[in-house]
Amino acid sequence: TDQTRHVFIGKVAIMDGTDPRYCWDENKSSDEDSMALLIAQLATGQTAKAEGRDSKVTFYVGTGLPIKHYFQHKQAYEQNIKGDFTVIFRSGPWEGVKCTLKIIRCQVYPQVWGIFWNETHDQLGNLINEQYRHGYTLVVDPGFGTTDYALFIDGVMKDAYCDSSELGIASAMKQISENLAEKGVNLDEKELDHYFMEQDGVYIFNGEAIDLKTLREVALKSLGKKLYDDLKIKLQPVWDKIQVSLVGGGGGKALFNYLNLDNKQLVVDPQFGNASGFRKAAQGALLKSVRSHG
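As a convention, each chain's residues are numbered from 1 in the sequence order in which they are written. In keeping with the model being predicted, local features are shown solely for residues with a pLDDT of at least 70 and side-chain atom pairs are shown and tallied solely at 80 or more, while totals for entire chains, interfaces and linings include all residues. In computing side-chain properties, one takes all heavy atoms of the structure into account and sets aside hydrogens as well as water.

1. What to know about the packing of helix α5 (residues 169–181) against helix α7 (residues 212–234)
Here an axis means a line fitted to C-alpha atoms, over the contact stretch when the element is a helix, while the angle between two N-to-C directions is reported on a 0 to 180 degree scale. Put simply, DSSP H or I for four residues or longer makes a helix, DSSP E for two residues or longer makes a strand, and each gets a number counted from the N terminus. Across the interface, α5 lies against α7 with an axial gap of 9 Å and an inter-helix angle of 130°. Our classification of the angle between α5 and α7 gives oblique. In the crossing of α5 with α7, the sense of the turn from one axis to the other is right-handed. Between α5, through I169, S171, A172, Q175, I176, N179 and L180, and α7, the contact on the second element is made entirely by L212, L215, R216, V218, A219, L220, S222 and L223. Its residues assigned to classes, the contact of α5 with α7 shows 10 nonpolar, 4 polar and 1 charged. Working definition: roughly parallel below 35 degrees, roughly antiparallel above 145 degrees, roughly perpendicular at 65 to 115 degrees, and oblique for all remaining angles. By definition, turning the near helix anticlockwise from the far helix through less than a right angle yields a left-handed crossing, and turning it clockwise yields a right-handed one. Note on contacts: a residue pair is in contact if any heavy atoms of the two residues lie within 4.5 Å. When residue character is reported, Ala, Val, Leu, Ile, Met, Phe, Trp, Tyr, Cys and Pro are called nonpolar, Asp, Glu, Lys and Arg charged, and the others, Gly included, polar.

2. Some words on the nonpolar core
Nonpolar cores are built from buried Ala, Val, Leu, Ile, Met, Phe, Trp, Tyr and Cys residues. Side-chain atoms within 4.5 Å join them into one set. Summary of the burial criterion: residues with accessible area below 20% of their type's maximum are buried, those above 50% are exposed, and those between are partly exposed, where the area comes from a 1.4 Å probe applied to protein chains only. Membership of the largest hydrophobic core comes to 34 residues, with the highest contact counts inside it found for I176, L180 and L192. Only β4 (136–142), β5 (147–153), α5, α6 (189–198) and α7 provide two or more residues apiece to this core. When residues in this core are grouped by element, the largest group, 8 residues, is from α7. Of all hydrophobic cores here, the second largest spans 20 residues; its members include M35, A43, Y70 and L101.

3. Observations concerning the environment of C106
Looking at the secondary structure, you find C106 in strand β3 (residues 98–110). Residue class for C106 comes out buried when judged on its relative accessible area of 2%. Taking the C-alpha atoms as reference points, C106 and Y60, 46 residues apart in sequence, are found 6.1 Å from one another. Beyond its immediate chain neighbours, meaning those up to four positions away, C106 contacts V61, T63, Y77, E78 and I81.

4. A closer look at the sheet that holds strand β1 (residues 55–65)
A strand pair is defined by DSSP finding two or more bridges across the two strands. Strands sit in the order β1-β3-β2 across an open sheet of 3 strands; the sheet is mixed. For this open sheet the edge positions go to β1 and β2 (83–88), each flanked by a neighbour on one side alone. Sheet twist, expressed as the average angle between the axes of neighbouring strands with direction ignored, equals 35°. Here β1 pairs with β3 via 11 bridges, running parallel. What sits directly across from V57, in β3, is L101. Along the sheet, helix α3 (residues 67–80) contacts β1 and β3; its crossing angle with β3, the most-contacted strand, is approximately 140°.

Read these as layout, nothing more, since geometry by itself doesn't imply function.
The structure is reproduced here in structure tokens:
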């Protein structure tokens, strides 16, 4: 569109910016800030690969949506996340370096499905972990705002037992926020998330250090029980048939010990389980397309 914008992205932007923005939109493909974030990330990865030199590259993007929003926004993502873009780094070690990128296609998958695909396929698309492809396998993907879950029967995701629970890590953060408010400390969920990620869960208030980790443990234990009860109700017809529960996602590692699921297993590198699955699926689709055209 020939539009040019200057965008500051990353931790320094959040700390020093006068108007920090976070990408919480359900349809990120229609949000300029979210698209700028995606394009900057792609350009950063490519420029690192090009060892800090100007470069041009073509991308086939594989990404995902929560099950709750998958059918609603899938088409918009696939239409909007493509085009020609140029990123110029304005400061830092790559100052003045230009990355020209072309996104030729965007393939969208359900988020929890990505975890299952990553656990059952290797980089070449070959089947691994055959035990997950037989019988009843539940995949639970706790995120910040919601928790996606899906039941796979003999390797096939069953729509009747796939959905998004409104319980997520934000629910635990909200509980912590309410407990702190009773003591005169006002921190919302996003601010708490920052202190856990950047300050090791320590908040200084009136010169005293407040250890937020103790409050987080109580809140996660409560969230784990609520989520277990919610899943048991929603999956009641098949609950006793579930043979293994795979837990992944950004909140999966934090919540794993507090989910009282039978035969539960934390997937490898849970935070990037979906992303790795999307990459493998998109890579396989691209290879299949290339082979079909000789």
